[in-house]
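# Architecture at a glance
In case you want the letters, here they are:
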Amino acid sequence: SLGQPEISLARFENEQRTNLSNNASTPNPPILPEVYFRPGRAVPTTEGRQNRVRVVEWLQHHPNARVVIVGYTDSRGRRVPNQILGLRRARAVETFLRSKGHISRSQIVGVESFGDAKPVCLADTEDCLARNRRVRIEVLAKPKLSN
């Protein structure tokens, strides 16, 4: 179905994703930097490497936070290889977070890929394509309990 990841290794239980940019229930929602990648590879750019470190620091300061790591690609290439590349990128970030940051297993509840679906930029320019080659770390929120 459209909008759903083709490749997903997520275990969500009863959690919901939080839209970090407009979550009215959180006064100062966390905005975790995206990790950007080189074309066709699961190798982060210089900015991507810096952002991984910032994510580690945030997770270390928020040990109860639970996240899903989501990989994306630009629109070049074919659909299935892009799905696989997105997952390789997400796994690379997961490996880094766990090895460098001593992030607990319970903090990372899923790793998935949307491949070239859900681009953040649609123009056919190198800057735009580069913005789509990313991994986003999505913070999960527990659903509110009803009375």
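Before reading further, recall that the structure is shown in the block above.
Summarised in this report is the structure supplied together with it. (Residues numbered from 1 in each chain as written. Predicted model: local features only at pLDDT ≥ 70, side-chain atom pairs only at ≥ 80, totals over all residues. Heavy atoms only, no water.)

### Observations concerning the environment of R98
Inclusion rule: Strands are runs of DSSP state E lasting at least 2 residues, helices are runs of H or I lasting at least 4, and numbering of each runs from the N terminus. It only takes one pair of heavy atoms within 4.5 Å for two residues to be counted as in contact.
Counting through the fold element by element, R98 comes out in helix α2 (residues 79-101). Those residues in contact with R98 that lie beyond four places of it in its chain are I103, R105 and I108.

### Quick word on the pairing of strand β5 (residues 108-115)
The cut-off we apply is this: Note on exposure labels: buried denotes an accessible area under 20% of the residue type's maximum, exposed denotes more than 50%, and partly exposed covers the range between, all computed with a 1.4 Å probe on protein chains only. For two strands to be treated as a pair, DSSP must find no fewer than two bridges joining them. Crossovers are described as right-handed under a simple rule: with the strands pointing away from the observer, the path leading from the first strand over the helix to the second runs clockwise.
Along β5, 8 of the 8 residues are buried, which leaves the element largely enclosed by surrounding structure. In this sheet, β5 lies alongside strand β4 (residues 67-72) in parallel orientation, the contact comprising 6 bridges. Counterpart to Y72 in the pairing with β5 is G115. In this fold, the crossover linking β4 to β5 by way of α2 has right-handed handedness.

### Topic: the state of the cysteines
What counts, and what does not: Disulfides are defined as cysteine sulfur pairs within 2.5 Å.
Applying the stated criterion across every chain yields a total of 1 disulfide. With its sulfur 2.1 Å from that of its partner, C121 forms a disulfide with C128. Between C121 and C128 the sulfur-sulfur dihedral comes to about -130 degrees; the bridge is accordingly left-handed. Here C121 matches C128 in class, with each residue buried.

### Focus on the pairing of strand β6 (residues 134-141)
A large share of β6 lies buried, amounting to 6 of its 8 residues. Relative to β6, β4 runs antiparallel, the two being bridged by 5 bridges. Within the sheet, the bridge partner assigned to I69 lies in β6 and is I137.

### Let's talk about the pattern of salt bridges
We apply this condition: We define a salt bridge as a contact between a side-chain nitrogen of Lys or Arg and a carboxyl oxygen of Asp or Glu at a distance within 4 Å.
Counted under the stated rule, the structure contains 7 salt bridges. Here D74 and R133 are joined by a salt bridge, their closest N and O atoms 2.8 Å apart. Of this pair, D74 sits in the loop between β4 and α2 while R133 sits in the loop between α3 (126-132) and β6, placing them 59 residues apart in sequence. With relative accessibility at 3%, the residue R133 sits in the buried group.

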